[in-house]
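The residues making up each chain are set out below.
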Amino acid sequence: MSLPLEGQRVLVTRPAGHGDSLVSTLENAGAQVLHRPTLALVPNQAPLPVLDLPPDWIVFVSPFAVDTGWPRLPLAWQQTARLAAVGPGTASAMIAHGALSVIAPPQGGGAEALLAAPEFAPQAGQTVLLVCGTGGRQQLQQTLRAQGVQVVEAVVYDRQPAAAQLNVPEGWQQSALDFLIVTSAAGLEYLLGMAGPSALQWLKQGRLVTVSERLAQAAVMAGFADPVVAAGADDAALLAALSARVGSTK
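The structure presented is a predicted model; accordingly, all values stated were derived computationally and were not measured.

### Remarks on the nonpolar core
Right, on to step 1. Ranked by internal contacts, the top residues of the largest apolar core, which has 23 residues, are Leu180, Leu188, Leu203 and Phe224.
Right, on to step 2. For this core, the elements supplying multiple residues, two or more each, are α8 (185–194), α9 (197–203) and α10 (213–221).
Right, on to step 3. Of the residues forming this core, the biggest block, five residues, is contributed by α8.
Right, on to step 4. Once residues within four sequence positions are removed from consideration, Phe224 is found in contact with Leu180, Leu188, Leu192, Leu203, Lys204, Leu208 and Ala219.
Right, on to step 5. Core analysis: the next-biggest nonpolar cluster, separate from the first, contains 22 residues, Ile58, Ala81, Val102 and Leu129 among them.

Take a look at the structure:
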């Protein structure tokens, strides 16, 4: 019995240290995987917001936001605020750091998924502390502020290009690429800046896989044809998206 991704060539662009499990998942499914990070996540020491009272809610946007931000939060905030995460992976990271109860979408992830969760219901006049990185989306903030919620950002890490060039091995460029996984807008932006003309042409031969319609639209604008949108950013959702696409072409 063949593996679901047997013979498929996949480029993973997740940040260094944040793509190993995905690479292993894809390789175990039979894929040949090249991991070339386009985005680096770097903790910063920007001061936390000064609040007169502990926030009513604390929302984390990613596992890295948890790893870098949770240890810096006052214990009183952790104990009194309601805790939320944009996806199950982020929720798991919060629980690993000691959170007892976390509201999060059961699958998928992102601002849309969290806003659709019935349990996530900040009220007008309440304060939401959003633990995030520089340059992220503003949808969650804008939606909550339009509802009269005060949103304060704790920016605990920066996003930077991972390298000056993509540096794809020559042997890889001699054969067609089947899939390219990009899971953030910054990752796509930096990928386009890192890839030279020949590498970019090679990349566009493959089917780009991403995690939101918004990001898929940005990829189309950049010249990628018919991106695949996975149901979430976790390894299982990305594997399912690739496997379904491979299965539909057999």
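### What about the sheet that holds strand β2 (residues 32–35)?
Sheet strands pair by backbone hydrogen bonding; their relative direction is either parallel or antiparallel.
Right, on to step 1. The strand order β2-β1-β8-β9-β10 describes an open sheet built from five strands, whose pairing is parallel. The strands lining the two open edges of the sheet, one partner per strand, are β2 and β10 (228–229).
Right, on to step 2. Both strand β9 (residues 207–210) and β10 contribute to a ladder of two bridges, which runs parallel. Looking at β10, one finds that Val209 is bridged to Val228.

Reading the values: the criteria
- Residues numbered from 1 in each chain as written.
- Predicted model: local features only at pLDDT ≥ 70, side-chain atom pairs only at ≥ 80, totals over all residues.
- Heavy atoms only, no water.
- Core = buried A, V, L, I, M, F, W, Y, C linked by side-chain atoms within 4.5 Å.
- Buried < 20%, exposed > 50% of the residue type's maximum accessible area, 1.4 Å probe, protein only.
- Helix = DSSP H or I, 4+ residues; strand = E, 2+ residues; numbered from the N terminus.
- Contact = heavy atoms within 4.5 Å.
- Pairing = 2+ DSSP bridges.

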